[in-house]
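# Fold and geometry: a report
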Amino acid sequence: MNRIKTIIFFLAVSLPTLLFAQNETANKTWSLTDCIDYALEQNIQVRQSILSNLSNEVNKEQAEAQLLPSLNASARQNFSWSKVEDYTTGESSFEGSNSRSMSLNSSITIYNGLRLKNLIKQAELDLQAGLYDSETIKESITISILNAFLQVVAYEENVKNAQSQMEATSDQLVLSDARLQSGIISRSDYLQVKSQLATEKLSLANAQSQYAISKISLMQLMELPVDENFAIERPVLDGNMNQNLTPKAAEVYAIALGIKPQIKSAEYQKESAALNEKIARGNYYPSVAANAGLSSGFSSSMGQLGDQVTPTVGLSVSIPIFQNKQVKSSVANAKINYQNAELSEINTRNELRKEIEQACVDVSSAQIQYEASLESYNSYEESYALAEEKFNNGLINSVDFLFEKTNLIAAESDLLQSKFNLIFSYKILDYYQGTPIAF
């Protein structure tokens, strides 16, 4: 099972991380889900977290392997020479001999203050904490992509509004020119409309620039090379967006505590820190190990040693007596680290609570702002329609007419901003309650 998990992790890192081929991304219309999925595949932090999880998996397997007996084999070949004196002739010479030995040894830890058992538990906790850390990173990226995606949608709508306003003013300029030629209006009135058209052309250019920048920002967040043909799938956002929600922060917080990965990670990290003290205390206790072996040797000068094979078996006990306060210091540091982990968990919970409290306030404020903006827009739209009719019939001058149009443009801009603030606040509230981010 562990091997399967490792393979899955490896595939998750290696295969999707390559950039999409040009023919796959060209002419593609990106939905919010597409953008999020691509960003999660390409993001460096996500990929690094996957590698970290792989490392934690290796550490867990290594900790479990410490319970198994070790087995080692060794072989040795020696050659030696010694000077030999011939007392009858008085001559000396060097004579050589060789020897070889082979052995097979095994040992297993029987008891070491439960350190091995606690190390395995800790490795499992660290693995789980790492997995939740990965999810936390993914959620953070998802929120960033959502915000950038909505910015693109908003600026795209802003461009359409600016284009529509400019086209309407262009028609009005044509009408004003005809009236000027007929002597119905003064040149000053005509220039007022012409000036308004120039202003709206500049507004359109600025809107197009903001739209282009927002698309670049989204592509960069996705780790997608900038493509001038990049286009998003615009979600359907027509009609009254106000859901008239009355979110209660305490209720949302209770839900979030059970599902948010940063909370789970902090809990596992605290449990892991608690095991550090037990692991450190294990060094106060004796450690017991069993060992066994087989050995054999041969010497050219003595022939086969012993009975060819010599079996051995033994039991070793190591009793700590004085270790220069190393164990005591380790235990003290483990206690401090546990207290720090407790504080980190409390801080994580507090940060989540504050974020949710702010999110609930944002929803309520966004709903109020949207309703006010919608009412203001409807009022100015009605007033503008009346002013336009009067202007076309020559009943009001260009100054009065453009005043109404300027108010309408400002109201339209406020409504657009409030609408997307409302959408974003709803999605953030969904996020804290575990609802997937999508349209």
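This text follows the structure it describes.
Calculation criteria
- Residues numbered from 1 in each chain as written.
- Predicted model: local features only at pLDDT ≥ 70, side-chain atom pairs only at ≥ 80, totals over all residues.
- Heavy atoms only, no water.
- Helix = DSSP H or I, 4+ residues; strand = E, 2+ residues; numbered from the N terminus.
- Buried < 20%, exposed > 50% of the residue type's maximum accessible area, 1.4 Å probe, protein only.
- Contact = heavy atoms within 4.5 Å.
- Areas by Shrake-Rupley, 256 points an atom, 1.4 Å probe, with all protein chains shown as cover.
- Lys, Arg positive; Asp, Glu negative; His and termini not counted.
- Charge placed at Lys NZ, Arg CZ, Asp CG, Glu CD.
- Salt bridge = Lys/Arg side-chain N within 4 Å of Asp/Glu carboxyl O.
- Expected span 1.5 Å × (residues − 1).
- Polar contact = N/O pair within 3.5 Å; in protein donor to acceptor, adjacent residues only side chain to side chain.
- Axes fitted to C-alpha atoms, helices over the stretch in contact; angles between N-to-C directions.
- Parallel < 35°, antiparallel > 145°, perpendicular 65-115°, else oblique.
- Left-handed = near helix turned anticlockwise from the far one by under 90°.
- Phe/Tyr/Trp six-rings, centres within 6.5 Å; stacked < 30°, edge-to-face > 60°.
- Lys NZ or Arg CZ within 6 Å of the ring centre and 35° of its normal.

### Thoughts on the overall build of the protein chain
Scanning the protein chain for helices and strands turns up ten helices and seven strands. Summarising its shape, the C-alpha atoms of the protein chain cover approximately 150 × 55 × 35 Å along the three principal directions. When the 439 residues of the protein chain are sorted by exposure, 33% land in the buried category. Across the protein chain, the fraction of contacts at a sequence separation of at least 24, relative to all contacts at a separation of at least 6, is 82%. Accessible surface, the protein chain as shown: approximately 25,600 Å² in total, 53% of it carbon and sulfur. Separation of charge centres in the protein chain, based on 35 positive and 50 negative side chains, amounts to 9 Å.

### Concerning the pattern of salt bridges
Evaluation of the coordinates by the stated rule reveals twelve salt bridges. Between Glu-64 and Lys-60 there is a salt bridge, with its nearest N and O atoms 3.0 Å apart. Of this pair, Glu-64 and Lys-60 both sit in helix α4 (residues 44-65), four residues apart, roughly one helical turn. For Glu-64, a relative accessible area of 28% puts it in the partly exposed group. Here Arg-349 and Glu-267 are joined by a salt bridge, their closest N and O atoms 3.1 Å apart. Remark: Glu-267 occurs in helix α8 (residues 261-281) and Arg-349 occurs in helix α9 (residues 326-392); sequence separation between them is 82 residues. Residue classification places Arg-349 among the partly exposed residues on the basis of a relative accessible area of 25%.

### What to know about α4
Given a rise of 1.5 Å per residue, 22 residues ought to cover 32 Å, and the 32 Å separating the end C-alpha atoms of α4 matches this to within 8%. Listed in full, the buried residues belonging to α4 are Val-46, Ser-49, Ile-50, Asn-53, Leu-54, Asn-56, Glu-57, Lys-60 and Ala-63. A side-chain oxygen of the first residue of α4 lies 2.9 Å from the backbone nitrogen of Gln-45; this N-cap is Asn-43.

### Digging into the packing of helix α7 (residues 249-259) against α9
Axis separation between α7 and α9 bottoms out at 9 Å; the angle between their running directions is 135°. When the axis of α7 is compared with that of α9, the two are oblique. Read as a crossing pair, α7 and α9 show a hand that is right-handed. Residue-level contacts link Ala-249, Val-252, Tyr-253, Ala-256 and Leu-257 of α7 to Arg-349, Leu-352, Arg-353, Ile-356, Glu-357 and Cys-360 of α9.

### Notes on the environment of Leu-429
The residue Leu-429 is located in helix α10 (residues 398-432) in this model. Sequence spacing of Leu-429 and Pro-261 is 168 residues, and the spatial spacing of their C-alpha atoms is 16 Å. Residues contacting Leu-429, with those up to four places away along its chain left out, are Leu-245, Pro-247, Val-252, Cys-360 and Val-363.

### Observations concerning helix α3 (residues 32-42)
All of the buried residues in α3 are Leu-32, Cys-35, Ile-36, Tyr-38, Ala-39 and Gln-42. Summarising the contacts, the buried residues of α3 are in contact with β1 (29-30), α4, α5 (115-182) and α6 (187-221).

### Details of the packing of α3 against α5
Relative orientation of the contacting elements α3 and α5 amounts to 140°, with a least axis distance of 10 Å. Here α3 lies oblique to α5, going by the angle between them. Handedness of the crossing formed by α3 with α5: right-handed. In contact with Leu-32, Cys-35, Ile-36, Ala-39 and Leu-40 of α3, α5 contributes Lys-138, Ile-141, Thr-142, Ile-145, Leu-146 and Phe-149.

### A short note on the side chain of Lys-427
With respect to the secondary-structure elements, Lys-427 resides in helix α10. For the buried residue Lys-427, which engages in no salt bridge, the nearest side chain bearing the opposite charge is Asp-430, 4.6 Å off. The contacts of Lys-427, once residues within four sequence positions are left out, are Leu-146, Ile-437, Ala-438 and Phe-439.

### Focus on the packing of aromatic side chains
Within the structure shown, the criterion is met by seven aromatic pairs. Between Tyr-132 and Tyr-268, the ring centres sit 5.9 Å apart and the planes meet at 15°, which makes this aromatic pair stacked. Of this pair, Tyr-132 sits in helix α5 while Tyr-268 sits in helix α8, and the two are 136 residues apart along the sequence. On the basis of relative accessible area, Tyr-132 is assigned to the partly exposed category, the value being 25%. Take Tyr-268: its relative accessible area is 22%, and that puts it in the partly exposed class. Both rings, one in Phe-391 and one in Phe-401, keep their centres 4.5 Å apart while their planes meet at 15°; by these two values the pair is stacked. Placement of Phe-391 in helix α9 and of Phe-401 in helix α10 is noted, with a sequence separation of ten residues between them. Through pairs of rings, three or more aromatic residues link up here, namely Trp-30, Tyr-38 and Phe-230. Across the ring face of Phe-391, the terminal group of Arg-179 is positioned such that the distance to the ring centre comes to 5.5 Å.

### Focus on the environment of Glu-355
Mapped onto the elements of the fold, Glu-355 is located in helix α9. On a C-alpha basis, the gap between Glu-355 and Leu-54 in space is 31 Å, while along the polypeptide they are 301 residues apart. Engagement of the side chain of Glu-355 in a polar contact is seen with the side chain of Tyr-432, the distance being 3.0 Å.

### A word on unusual backbone geometry
A positive phi angle is found at Asn-244, which is not glycine, with a value near 50°. Note on placement: Asn-244 falls in the loop between β4 (231-232) and α7. Positive phi values are uncommon outside glycine, yet Lys-325 reaches one of about 65°. Relative to the elements of secondary structure, Lys-325 occurs in the loop between β7 (310-318) and α9.

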